[in-house]
Amino acid sequence: LFIEDINLGSLEFPPIPSWYKRKTLSGKLPSEIAPVIEWGYLIYLTVFRNCQYFGKEEECAYCDINHNYRQQKNAGRPYTGVKDVDDILEVLSFIDEEDKIAKVYTITGGSVLTTLKKKNEVDFYLEYPKAIEEKFPGRWMGKIVAQAFEKEDCKKFKDAGIQVYHPNYEVWDKNLFQKICPGKESWIGREKWIRRIVDSAEVFGPSFVIPNFVAGVELAKPYGFETVTEAVTSTREGLEFFMSKGIMPRFTAWCPEPYTTLGTQESPPLEYFCELLVAWK
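What counts as what
Residues numbered from 1 in each chain as written. Predicted model: local features only at pLDDT ≥ 70, side-chain atom pairs only at ≥ 80, totals over all residues. Heavy atoms only, no water. Helix = DSSP H or I, 4+ residues; strand = E, 2+ residues; numbered from the N terminus. Buried < 20%, exposed > 50% of the residue type's maximum accessible area, 1.4 Å probe, protein only. Contact = heavy atoms within 4.5 Å. Axes fitted to C-alpha atoms, helices over the stretch in contact; angles between N-to-C directions. Left-handed = near helix turned anticlockwise from the far one by under 90°. Parallel < 35°, antiparallel > 145°, perpendicular 65-115°, else oblique. Nonpolar A, V, L, I, M, F, W, Y, C, P; charged D, E, K, R; others polar. Pairing = 2+ DSSP bridges. Patch = residues over 30% accessible without salt bridge, like charges linked within 9 Å, V, L, I, M, F, W, Y side chains within 5 Å. Areas by Shrake-Rupley, 256 points an atom, 1.4 Å probe, with all protein chains shown as cover. Salt bridge = Lys/Arg side-chain N within 4 Å of Asp/Glu carboxyl O. Phe/Tyr/Trp six-rings, centres within 6.5 Å; stacked < 30°, edge-to-face > 60°. Lys NZ or Arg CZ within 6 Å of the ring centre and 35° of its normal.

(A) Focus on the side chain of T80. Tracing the sequence through the fold places T80 in the loop between α2 (65-74) and α3 (85-98). Judged by its relative accessible area of 13%, T80 falls in the buried class. Each residue touching T80, except ones within four places of it in the same chain, is listed here: K28, E32, I33, R49 and Y69.

Here it is as C-alpha cells:
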C-alpha cells in the first residue's frame with residue numbers, strides 16, 4: 001500500500017472459503033446466506049435485512065438499513081430480506097464439513113415491532129439459535145445483536161445456546177438518545193433500555209453483555225456536541241456506568257451516510273477517536 005511514493009506496508013486479503021463455491025438446494029450462494037468476516041472467524045447471519053423502525057420519526061438517525069435493502073434489490077443483486085432457517089442450516093453444514101477457522105456465529109437484523117413471519121420479535125429471532133444448536137450443538141459460540149429484551153426473554157436465548165448478547169445502546173446522552181434513536185425512545189425508552197442491559201448481565205454474565213456505542217455520532221450536526229471534549233466526556237459517563245457493573249461496551253465508528261436523517265456531513269476528527277479510546281482504556 002502506497003501513498004504516492006511512500007510505502008505504508010504490505011496488504012493481504014482474507015482467503016475465500018472453499019464452501020463459497022457451493023450452492024444451497026434453493027440455489028442461494030453461501031456468501032449471501034452465511035458469509036464469514038474477520039478473516040473467517042465469524043459467521044455473520046443477518047437474518048432480517050430491514051427494520052420496522054421506519055421513516056424519519058422512528059429510524060435511528062445514522063442508520064440506512066432500509067434504504068440499503070432497497071438499493072440492493074433495485075440493482076438486481078441477490079439480497080434476501082428474511083433468511084430461511086433451512087438455507088442457513090444447509091450452509092452451516094458446508095462450514096461444519098470444510099471449515100476449521102470459523103468459531104462464532106452472530107445472529108442479527110433489524111428490529112421487529114409488530115410481527116414477522118407471524119411471530120413477535122423474540123420468537124422470530126429465537127427460531128435461529130434453536131435450530132442451529134439443535135443440529136450443531138456447541139459447534140460454534142452463539143451471539144445475538146438485538147434490542148434490549150426483558151430478563152425472562154434473555155433467558156430464552158441463553159437456554160437456546162446464545163452465550164454473548166449485544167443490546168446496542170448507541171449514544172449515551174439523554175437528549176441525543178431521544179433525537180438520534182427516536183424509535184427506540186418511543187417504543188422502549190432510554191431508562192428501560194439501560195435497565196434491561198443491566199438485568200441481562202444476570203442472565204448471561206456481565207462479561208458476556210456487550211452494548212455497542214456508535215462512536216462519533218455525539219458530534220453529529222445538528223444535534224451533537226460542539227467539541228471533542230464534550231463528546232468524550234458524555235460517552236465516558238456511559239462507559240463508567242456500564243463498566244462499574246462489569247459490562248464492557250464496545251464501539252463501531254459512525255460513518256455518515258447520505259440516505260439517513262443525519263445525511264452526509266464531516267466525519268469526527270481522528271482526535272476524537274484517540275481521546276475516546278484513551279477514555280475507554
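Don't stop here, the text continues.
(B) Spatial organisation of the packing of helix α5 (residues 151-160) against helix α8 (residues 190-204). Contact geometry of α5 with α8 gives a least axis separation of 9 Å together with a crossing angle of 35°. Crossing handedness for the pair α5 and α8: right-handed. Residues K151, C154, K155, F157 and K158 of α5 pack against D199, S200, E202, V203 and F204 of α8.

(C) Up close: the packing of helix α4 (residues 121-135) against α5. In the contact formed by α4 and α5, the axes pass within 9 Å of each other and the chain directions differ by 15°. Taken together, the axes of α4 and α5 are roughly parallel relative to one another. Handedness of the crossing formed by α4 with α5: left-handed. Between α4 and α5, the residues in contact are V122, Y125, L126, P129, K130 and E133 and D153, K156, F157 and A160, respectively. Of the residues in the contact of α4 with α5, the class split is six nonpolar, no polar and four charged.

(D) Quick peek at the sheet that holds strand β4 (residues 42-48). Read across the open sheet, the five strands follow the order β3-β4-β5-β6-β7; overall the sheet is mixed. In the strand order of this sheet, the two ends are held by β3 (36-37) and β7 (162-167), each with one partner.

(E) Representation of a nonpolar patch on the surface. A cluster of nonpolar side chains, contributed by L1, I3, I6, L8 and L11, occupies part of the molecular surface with about 520 Å² of accessible area. Relative to the assigned elements, I6 resides in strand β2 (residues 6-7).

(F) Looking closely at the pattern of salt bridges. Counted under the stated rule, the structure contains 13 salt bridges. Among the salt bridges present, the one from E191 reaches R190, with a minimum N-O distance of 2.8 Å. The exposure class assigned to R190 is buried, which follows from its relative accessible area of 11%. Between D199 and R195 there is a salt bridge, with the nearest N and O atoms lying 2.9 Å from each other.

(G) Geometry of the packing of aromatic side chains. Enumeration according to the criterion identifies 19 aromatic pairs in this entry. On the numbers, 5.2 Å between centres and 20° between planes, the contact of Y169 with F177 is stacked. Summarising the burial analysis for this pair, Y169 and F177 share the class buried. An aromatic cluster is built from Y169, W172, F177, F213, F241, F242 and F251, whose rings are joined through pairwise contacts. R190 extends its terminal NZ or CZ atom over the ring of W172, reaching a point 4.8 Å from the ring centre.

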